[in-house]
Amino acid sequence: MSLLRTKTIEQSIADTDEPEYQLKKRLTALDLTVFGIGVIIGAGIFTLTGRAAKAYAGPGIALSFVFAAICCALAALCYAEFSSTVPVSGSAYTFSYFSLGEIFAWIIGWDLLLELMLGASVVSQGWSTYAKLFLDEIGLGWPDSIGPDAHVNVLAMLLVIVLTILATVGIKESLRVNLVLVAVKLFVVLFVIIAGLFYIKSSNLTPFIPPAVPAPNHDATITTPLIQWIFGAPSTFGVMGLVSGASLVFFAFIGFDVVATTAEEAKNPQRDLPRGILGSLAICTVLYVLVCIVITGMVKYTDISGEAALAEAFRSVGKPGFATLISAGAVAGLTTVVLTLMIGAARVVFAMSRDHLVPARLGKTHPKFGTPYRLTIGIGVTVAIVAGVTPIGKLEEMVNIGTLAAFTLVSIAVPLLRRSRPDIERSFKVPGNPVVPIIAAAICIYLMLNLSLETWIRFLVWMVLGFAVYALYGYRKSRVGETERTGESTRA
């Protein structure tokens, strides 16, 4: 039996009709766009902007966002083609199963689990920082002993527990809450852009791209970008700083691929999924760039807060009331990100359980709520623990490398499936095939090389663990493998 055994597209679609694994089709184009905006606008603006500007790119962090957005846009085209052609839960995992083979599907599924679960943990930590700031501003406060900088971040854990309950109750109910919180978040982001324009100082934006300097602690090679570690002379700022910044803020765009995980729950996936994926990405990119220019114009990049950049920027110009409003918006905004990432993680593992690569009983849907409740609860508990005990700032790059690896394989899969299954009707096609998908894959690989050696080591450890799980369980229990074995015994 081959590691490259594939699941047919027809079988993938047929599986969606199984009563025990059937999701309710409730989502419209508006739902999907809001879903995408809800998860994309979050940590990138509220937490990562300041950290990336201060450490890597200065005011040029706006260009880092543009570069990351271009990479995402190319990958988004590939996701749009796949998700609209085969509207099945699992996103890149499902796409890879019928285009590249089971082993690649497992790799991507394992990557997505890393991306979405760690992403939810990272953002819940950022949420706790803004939540404590907001509670302090309104006079309620939160004990430092169980806050963001404590050994156990109880505030982040409480958020995850509440959202786990909400995600278990139902996808549509979750999106109603999401819609309200996204509206609050967009209001705050637009407020930051408009109000911040009055406090921009041209001197803070000069030089727009600071000259390259040797990286601090450059002897600690494990923390330098892999490509610089290979070729030597690690540095920050300058052109390489922009690329390193793009590799970090790439985390800000991971949400659009989560839209694809809900494909099976869309009412009209062929039309609405491309709109939801590309529309949410375009809106968020414009807002990101404008916020970057405002924040680095208000505060010199060397003085930007690495944890609560937006709120601290307004406090630094004597507007603490604005800071309170921004903190409230960040609390609402980051809540939607955590919720959406957790839903996405549950849908990916749901697809893997339906294929028996993980225990099938985990993926059974609740008879009343129509959600994979066991998976949702299990993922919620895991995210809560990781968010509660992991130091802030240690997980972002791990999320990015998992995401970029998935994007790379999805991009490669588009021209391969075009060649192997030209007969499939595609309601949306990536323009410029195969050139555009190949460029998308190349950019993703280059961004991966600009992540730190430390991140690569952790990623390799995660992948080794994944291969062990697949060898001990997934390969032997695979539904496709069982069909293959049954067919062989019948022929014998």
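Values in this document were obtained by computation on a predicted structure and should not be read as measured data.

Here the second largest pocket is characterised by a volume of approximately 240 Å³. Lining the second largest pocket we find 15 residues, and of these Leu113, Val349, Leu362, Leu375 and Ile379 sit closest to its centre. Of all the secondary structure elements, the ones that give two or more residues to the lining of the second largest pocket are α6 (102-137), α14 (320-354) and α15 (373-389). Looking at side-chain class alone, the lining of the second largest pocket contains 11 nonpolar, three polar and one charged residues.

Chain-level pLDDT for the protein chain is 81 on average; 87% of the residues reach the 70-or-more range. The weakest mean pLDDT in the protein chain belongs to helix α19 (residues 479-491) at 65; the strongest belongs to α15 at 91.

With that settled, consider the nonpolar core. Ranked by size, the top nonpolar core spans 159 residues in total, and within it Tyr79, Tyr93, Phe253, Phe256, Leu310 and Leu341 carry the most contacts. Per-element accounting of this core gives the leading share, 19 residues, to α6. With sequence-adjacent residues up to four places away left out, Phe253 is seen in contact with Ile40, Phe65, Ala68, Ala69, Cys72, Leu281, Thr285 and Tyr288.

Between its first and last C-alpha, helix α18 (residues 453-477) extends 35 Å over 25 residues, near the 36 Å set by a 1.5 Å rise per residue. Residue Tyr470 marks the point of greatest curvature in α18, where the axis turns by about 50 degrees. Those residues of α18 lying buried are Leu453, Thr455, Trp456, Phe459, Met463, Gly466, Tyr470 and Gly474.

Quick look at the state of the cysteines now. All chains considered together, the criterion is met by zero disulfides. Here Cys444 stays unpaired: no disulfide links it, and the sulfur of Cys71, its closest cysteine neighbor, is 3.5 Å away.

With that out of the way, let us pick up the pattern of salt bridges. Under the criterion given, the structure shown has nine salt bridges. Here Asp136 ties to Lys132 by a salt bridge, and the two come within 3.1 Å at their closest N and O atoms. Of this pair, Asp136 and Lys132 both sit in helix α6, four residues apart, which is roughly one turn of that helix. Asp136 gets classed as partly exposed once you look at its relative accessible area, which sits at 39%. According to the relative accessible area criterion, Lys132 is buried, its value standing at 15%. Between Lys132 and Asp144 there is a salt bridge; the shortest N-O distance is 3.0 Å.

A complete count under the given rule lists 16 aromatic pairs for this structure. When the centroid spacing of 5.8 Å and the interplanar angle of 65 degrees are considered together, the rings of Tyr93 and Tyr97 count as edge-to-face. On the criterion of helical spacing, the pair formed by Tyr93 and Tyr97 is a turn pair, its members being four residues apart in helix α5 (residues 92-99). What makes Tyr93 buried here is its relative accessible area of 0%. Using a relative accessible area of 1% as the deciding quantity, one classes Tyr97 as buried. The interplanar angle of 90 degrees and the centroid separation of 6.3 Å between the aromatic rings of Trp456 and Phe459 together place this pair among those described as edge-to-face. Highlighted residues: Trp456 and Phe459, both in helix α18, separated by three residues, approximately one helical turn.

Each value, and the rule that gives it
- All residue numbers refer to position in the chain's written sequence, counted from 1.
- In view of the model being predicted, local features appear only for residues whose pLDDT reaches at least 70, and side-chain atom pairs are presented and counted only at 80 or more, with totals across whole chains, interfaces and linings using the full set of residues.
- With hydrogens and water stripped out, all remaining heavy atoms of the structure feed into the side-chain values.
- A cavity here means a set of points on a 1 Å grid, drawn over the protein atoms and nothing else, where a 1.4 Å probe fits but cannot get out; a pocket is an open set with protein on both sides within 12 Å along at least five of seven lines, and a residue lines either one if it has an atom within 4 Å of a point.
- Grid points are joined across faces, edges and corners, and a volume is the space filled by probe spheres set on the points.
- Each helix is a run of DSSP H or I of at least 4 residues and each strand a run of E of at least 2, with the numbering of both proceeding from the N terminus.
- As a working rule, the residues Ala, Val, Leu, Ile, Met, Phe, Trp, Tyr, Cys and Pro are called nonpolar, Asp, Glu, Lys and Arg charged, and the rest polar, with Gly in that last group.
- Per-residue confidence from the predictor is reported as pLDDT, a score between 0 and 100.
- Take the buried Ala, Val, Leu, Ile, Met, Phe, Trp, Tyr and Cys residues and link them wherever side-chain atoms come within 4.5 Å; each set so joined is a nonpolar core.
- Only protein chains enter the area calculation, which uses a 1.4 Å probe; residues under 20% of their type maximum are buried, those over 50% are exposed, and those in between are partly exposed.
- In what follows, residue pairs with any heavy atoms lying within 4.5 Å of each other are defined as contacts.
- Multiplying 1.5 Å by the helix residue count minus one yields the expected span of that helix.
- Two axes are fitted around each residue, one to the seven residues ending there and one to the seven starting there, and the angle between them is reported as the bend at that residue.
- In what follows, a disulfide is any cysteine sulfur pair within 2.5 Å.
- Salt bridges are defined as contacts in which a side-chain nitrogen from Lys or Arg sits within 4 Å of a carboxyl oxygen from Asp or Glu.
- We call Phe, Tyr and Trp rings a pair once their centres come within 6.5 Å, taking the six-membered ring for Trp, and we label the pair stacked below 30 degrees between planes, edge-to-face above 60, and tilted otherwise.

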